[in-house]
Amino acid sequence: MKLPEKLEEKVQKIAKPISIWYPIIIIVSIPLLLIINTLWNLKTFNRDINYFIRHQASSIADTIKAQITENIDNVEKIDSILSLTKNNNEELAGIAILKAENQSFVYYGGTISPEERAGIEKSGLNQMAIGFNNSFAGLTYDPVSQKNLWNVSVPLNNQKTYILFLKMRTDQVDTLLKRTSRDSYIILTILVVITLILLSNHFLFYTKAMKAREIEELDKLKDEFISIAAHELRAPMTGLVGYLELLRDKISPDQMPKVEGDLTTLDSLSRDLNSLIDDLLDVSRIEQGRLKTITSEVNIDEIINKVLTTFAPVAKSQSLELIYQKTDIPTIYSDPDRVRQIIINLTSNAIKYSQKGTVTITVIKNKNEVEISVKDTGIGIPADKISTLFTKFGRVRDDKTAEVRGTGLGLWITKQIVEILGGKISVQSIYGSGSVFSFTLPLNPIPGK
């Protein structure tokens, strides 16, 4: 279903800015998401470290809780237990028991130095541990050791009377965190660089795809224009040929010799123009898949003889000899009109590009196909031009071909028709010594053709 023109224009206006911003949004958003993902993972890692520290402190507290509870009234024994615990755990920078008194905490015993005791007594972690009856941890800077330490408050009993306060070193954790952060940032940088490279390539491919789409649309418009122009030219061309015939009838016999040359020139030009219109129509039909073929018996010998008869006057005017090397040619099944068109195109080219010598047509049978060759003794084709010979508008342009008229569509159309009929076309040429164009056709029709 085709959209109305106004609606289609609005859609294109909306789509154009979207097509510009789409690659930019992609290039910005994906690296940004990678960065957010990395930062989120590092934050999660820090949270897990916090949980690990609290779990480790709780494990230490559980290990000594029974001994402390049993000897809670013996301060010297408490100090001994805590000192032994500190010596057996490298992560511990200090450990102490705090006792709750009148909504505050006082140092009861442990390994904490006197200058640090006031700080741990006022720590907010203690109130939280007592209030929620759960361990709490916090990272703080210790001015004595000039390092970050984890402070952990662990309630020791259900009476909410005593707190086990631990100061835990972060050296191993910091090392692990720094290594993890460094590795994460390195991986992030690599991923961002790779992503930017891939997205840049995507952007380039996207731009090329958009340009290819524009070229495809222009090509489609061009084909439509060619089709319309060819059809529109057909009517006046037919009228022009008709009026030339009427003009011939109106000229008296005694005046005819004076204008015969002009009429002949007009006939030649009208035939050239008619041939161009036919080529343009064929191009349009081929590209739109509308070129029709009708399969029937094809008498190749008869077609070649008629083609040579048609070109005999032109060949004679150029002192060219037309040769047909006859062999036992079987009847094939193909489209006779298209086979005639192929042979006419190749013979016409051979004559057009040969100033002297011969044009020889040969037919041979190879297994399940026939091969028809048109050989000339003309100017030949440069080796670097052969690959573009069968392309649309492909022509050899040099001093020798400057005066030869042509659109470069004939060989392209010929190749397309040969392939539609199930055959192949090839060329062999030596520059300055002539060319041989050969094409094959199957003896029997291709299924589905």
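Here is a short report on the structure shown in this document. Quick caveat: nothing in here was measured; it's all calculated off a predicted structure.

## Concerning the packing of helix α6 (residues 256–287) against helix α9 (residues 410–420)
- The contact between α6 and α9 brings their axes to 10 Å, and the two run at 40 degrees. One element, α6, and the other, α9, form an angle in the oblique class. In the packing of α6 onto α9, the handedness of the crossing is left-handed. Each of D279, D282, V283, I286 and E287 in α6 lies in contact with α9, whose residues at this interface are W412, I413 and Q416.
- Counted by class, the contact of α6 with α9 contains four nonpolar, one polar and three charged residues.

## Let's talk about the packing of aromatic side chains
- This model, assessed by the stated rule, comprises three aromatic pairs.
- Plain terms: the ring middles of F390 and F437 are 6.2 Å apart, the flat faces sit at 80 degrees to each other, and that makes the pair edge-to-face. On the criterion of sequence distance, the pair formed by F390 in the loop between β10 (369–376) and α9 and F437 in strand β12 (residues 434–442) is long-range, its members being 47 residues apart.

## Examining the sheet that holds strand β3 (residues 136–142)
- Read across the sheet, five strands follow the order β2-β1-β5-β4-β3 without closing on themselves; strand pairing throughout is antiparallel. Only two strands of the sheet have a single partner each, and these edge strands are β2 (104–110) and β3. Sheet twist, expressed as the average angle between the axes of neighbouring strands with direction ignored, equals 30 degrees.
- Where strand β1 (residues 92–101) lies against β2, six bridges are found, and the strand directions are antiparallel. Across the sheet, residue E101 finds its bridge partner in β2, namely S104.
- Contacts from helix α2 (residues 75–88) reach β1, β2 and β5 (162–169), with the element oriented near 150 degrees to β1.

## Observations regarding the pattern of salt bridges
- Summed over the entire model, instances satisfying the criterion amount to four salt bridges.
- Linking K167 and E116 is a salt bridge whose minimum nitrogen-to-oxygen distance equals 3.9 Å. In this pair, K167 is assigned in strand β5 and E116 in helix α3 (residues 114–121), connecting sequence segments 51 residues apart.
- Given the relative accessible area of 6%, K167 is considered buried.

## Things to note about unusual backbone geometry
- Positive phi, normally seen in glycine, also occurs at S319, with a value near 60 degrees.
- Note on placement: S319 falls in the loop between α7 (300–317) and β7 (320–325).
- With a phi close to 55 degrees, K367 is a non-glycine residue in the positive phi region.
- Owing to a relative accessible area of 74%, K367 belongs among the exposed residues under this scheme.

## Some words on the sheet that holds strand β9 (residues 357–366)
- An order of β7-β9-β10-β12-β11 is seen for the five strands of this open sheet, with the pairing classed as mixed. Both edges of this open sheet fall to β7 and β11 (425–430), since each of them pairs with a single strand only. Within this sheet the neighbouring strands show an average axis-to-axis angle of 15 degrees, counted without direction.
- Sheet contacts for α7: β7, β9 and β10; angle to β7, the most-contacted strand, approximately 170 degrees.

## Remarks on the side chain of N71
- You can see N71 is positioned in the loop between α1 (5–70) and α2.
- Polar side-chain contacts of N71 include one of 2.8 Å to the backbone oxygen of Q67.
- Leave out the neighbours within four places in its chain, and N71 touches K77, I78 and I81.

## Notes on α7
- The end-to-end C-alpha distance of α7, which contains 18 residues, comes to 26 Å, matching closely the 26 Å that a straight helix rising 1.5 Å per residue would cover.
- Along α7, the largest kink reaches about 45 degrees and is centred on F311; proline P313 follows within four residues of it.
- Among the residues of α7, those classed as buried are I300, I303, I304, V307, L308, F311 and A315.
- Of the surrounding elements, those touching the buried residues of α7 are β6 (296–298), β7, β8 (332–334), α8 (336–352), β9 and β10.
- One or two residues past the end of α7 sits S319, with phi positive at roughly 60 degrees.

## Structural notes on the nonpolar core
- Ranked by size, the top nonpolar core spans 44 residues in total, and within it I300, I304, I343, L346, F437 and F439 carry the most contacts.
- Here this core gets seven residues from one element, more than from any other, and that element is α7.
- If we ignore the near neighbours within four places in the chain, the residues touching I300 are I329, I332, V363, V370 and I372.
- Judged by nonpolar contacts, the second largest core, of 26 residues, contains I64, L82, V152 and M168.

Cut-offs used in this document
Residues numbered from 1 in each chain as written. Predicted model: local features only at pLDDT ≥ 70, side-chain atom pairs only at ≥ 80, totals over all residues. Heavy atoms only, no water. Axes fitted to C-alpha atoms, helices over the stretch in contact; angles between N-to-C directions. Helix = DSSP H or I, 4+ residues; strand = E, 2+ residues; numbered from the N terminus. Parallel < 35°, antiparallel > 145°, perpendicular 65-115°, else oblique. Left-handed = near helix turned anticlockwise from the far one by under 90°. Contact = heavy atoms within 4.5 Å. Nonpolar A, V, L, I, M, F, W, Y, C, P; charged D, E, K, R; others polar. Phe/Tyr/Trp six-rings, centres within 6.5 Å; stacked < 30°, edge-to-face > 60°. Pairing = 2+ DSSP bridges. Salt bridge = Lys/Arg side-chain N within 4 Å of Asp/Glu carboxyl O. Buried < 20%, exposed > 50% of the residue type's maximum accessible area, 1.4 Å probe, protein only. Polar contact = N/O pair within 3.5 Å; in protein donor to acceptor, adjacent residues only side chain to side chain. Expected span 1.5 Å × (residues − 1). Bend = angle between axes of the 7 residues up to and from the residue. Core = buried A, V, L, I, M, F, W, Y, C linked by side-chain atoms within 4.5 Å.

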